[in-house]
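# Overview (structure and organization)
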Amino acid sequence: MNGTISPVTGRYRQTALDFVEEVFAEYQNEKEGATVRRLVEEIRSGEYYLPKLELMMTDGQGEIIGYVMFSRFPLEGKYADELLLLSPAAVKTELQRRHISKELIEYGFDEAKKASFKAVLVEGDPMNYRSRGFRTSADFGIYADVSVKLPDVSCLMVKELEEGALENIKGTVKYDIYDSLT
């Protein structure tokens with residue numbers, strides 16, 4: 001895809017919220033769209049927000065066609081300076097399957113490495129993330145808390161940004177830092 005990747009800034013902050021809500025409402029339903037919008041707002045207003053890692057891809061007319069957010073994420077109150085959460089990721093419905101999310105995620109990995117982060121955590125369909133190098137987090141000793149409702153253990157995944165990065169990072173994933181996810 002021939003788009004421009006950049007952090008979400010200025011006039012795009014509101015547009016990105018609208019974009020994420022619309023994509024998730026189309027994909028699932030309006031309630032899910034509103035929930036994901038609230039999550040973005042919560043992350044932006046909290047201590048784990050990284051403005052340089054809230055990313056968008058725009059087309060030649062400056063319209064947002066893809067979006068991903070990486071934010072710091074603690075496991076049991078630790079590792080927030082080493083571990084990132086990738087959530088949400090959204091691509092304009094009619095442009096899905098054109099590698100837009102791949103480009104955004106790979107760009108995010110590069111920026112995260114430059115910022116000395118060690119790994120990225122994501123919850124989703126393994127088929128969408130395995131090709132990006134994600135593996136089941138339980139294989140690394142990172143487990144979902146019972147409050148995290150996963151269809152399968154394989155839906156919580158992690159990617160090391162450097163070999164062996166998760167050797168000393170273990171724990172339980174809880175989303176209790178975000179009201180929209182509990």
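Everything below is about the structure printed above this text.
Residues numbered from 1 in each chain as written. Predicted model: local features only at pLDDT ≥ 70, side-chain atom pairs only at ≥ 80, totals over all residues. Heavy atoms only, no water.

## Things to note about the pairing of strand β3 (residues 64–72)
- When you tally the buried positions in β3, you get 9 out of 9 residues, the bulk of the element.
- In the sheet, strand β2 (residues 54–58) pairs with β3 via 5 bridges, with the strands oriented antiparallel. By the bridge assignment, T58 is partnered in β3 with I64.
- Once β2 ends, the chain turns through 5 residues before running back antiparallel as β3, passing G62 with a positive phi of about 80°.
- Bridge count between β3 and strand β4 (residues 83–91): 6 bridges; the pairing is antiparallel. Of the residues in β4, the one forming a bridge with F70 is L86. (Buried < 20%, exposed > 50% of the residue type's maximum accessible area, 1.4 Å probe, protein only. Helix = DSSP H or I, 4+ residues; strand = E, 2+ residues; numbered from the N terminus. Pairing = 2+ DSSP bridges.)

## Comments concerning the sheet that holds β4
- Strand order in this open sheet of 7 strands is β1-β2-β3-β4-β5-β8-β6, and the pairing throughout is mixed. Both outer strands of the open sheet, β1 (4–7) and β6 (135–136), are each paired with one neighbouring strand and no more.
- Lying over the sheet, helix α2 (residues 30–45) contacts β2, β3 and β4, oriented at roughly 50° with respect to β3. (Contact = heavy atoms within 4.5 Å. Axes fitted to C-alpha atoms, helices over the stretch in contact; angles between N-to-C directions.)

## Section: the nonpolar core
- Counting residues in each nonpolar core, the largest one holds 23 residues, and the members touching the most others are F70, L84, L86, V120 and F134.
- Where this core is concerned, the elements lending two or more residues are β2, β3, β4, α3 (100–114) and β5 (119–123).
- For this core, the element with the highest residue contribution is α3, accounting for 5 residues.
- Here L84 is in contact with L50, L53, F70, S71, R72, F73, A112, F117, A119, V120 and L121, once residues within four sequence places are set aside.
- Core analysis: the next-biggest nonpolar cluster, separate from the first, contains 21 residues, V20, M56, I64 and A90 among them. (Core = buried A, V, L, I, M, F, W, Y, C linked by side-chain atoms within 4.5 Å.)

## Description of the packing of aromatic side chains
- All told, the structure shown has 4 aromatic pairs when counted by the stated rule.
- Ring plane angle 65° and centroid distance 6.2 Å describe the contact between F73 and Y175, whose orientation is recorded as edge-to-face. Pair noted here: F73 is in the loop between β3 and β4 and Y175 is in the segment after β9 (171–173), with a separation of 102 residues, a long-range link.
- The class for Y175 is buried, based on a relative accessible area of 10%.
- With 5.6 Å between their ring centres and 80° between their planes, Y129 and F134 make a pair best called edge-to-face. Each member of the pair Y129 and F134 is classed as buried.
- Connected via pairs of aromatic rings, a cluster forms that spans F70, F109, Y129 and F134.
- Lying across the ring of Y12, R11 places its NZ or CZ 4.2 Å from the centre. (Phe/Tyr/Trp six-rings, centres within 6.5 Å; stacked < 30°, edge-to-face > 60°. Lys NZ or Arg CZ within 6 Å of the ring centre and 35° of its normal.)

The quantities given are spatial measurements derived from coordinates; they are silent on function.
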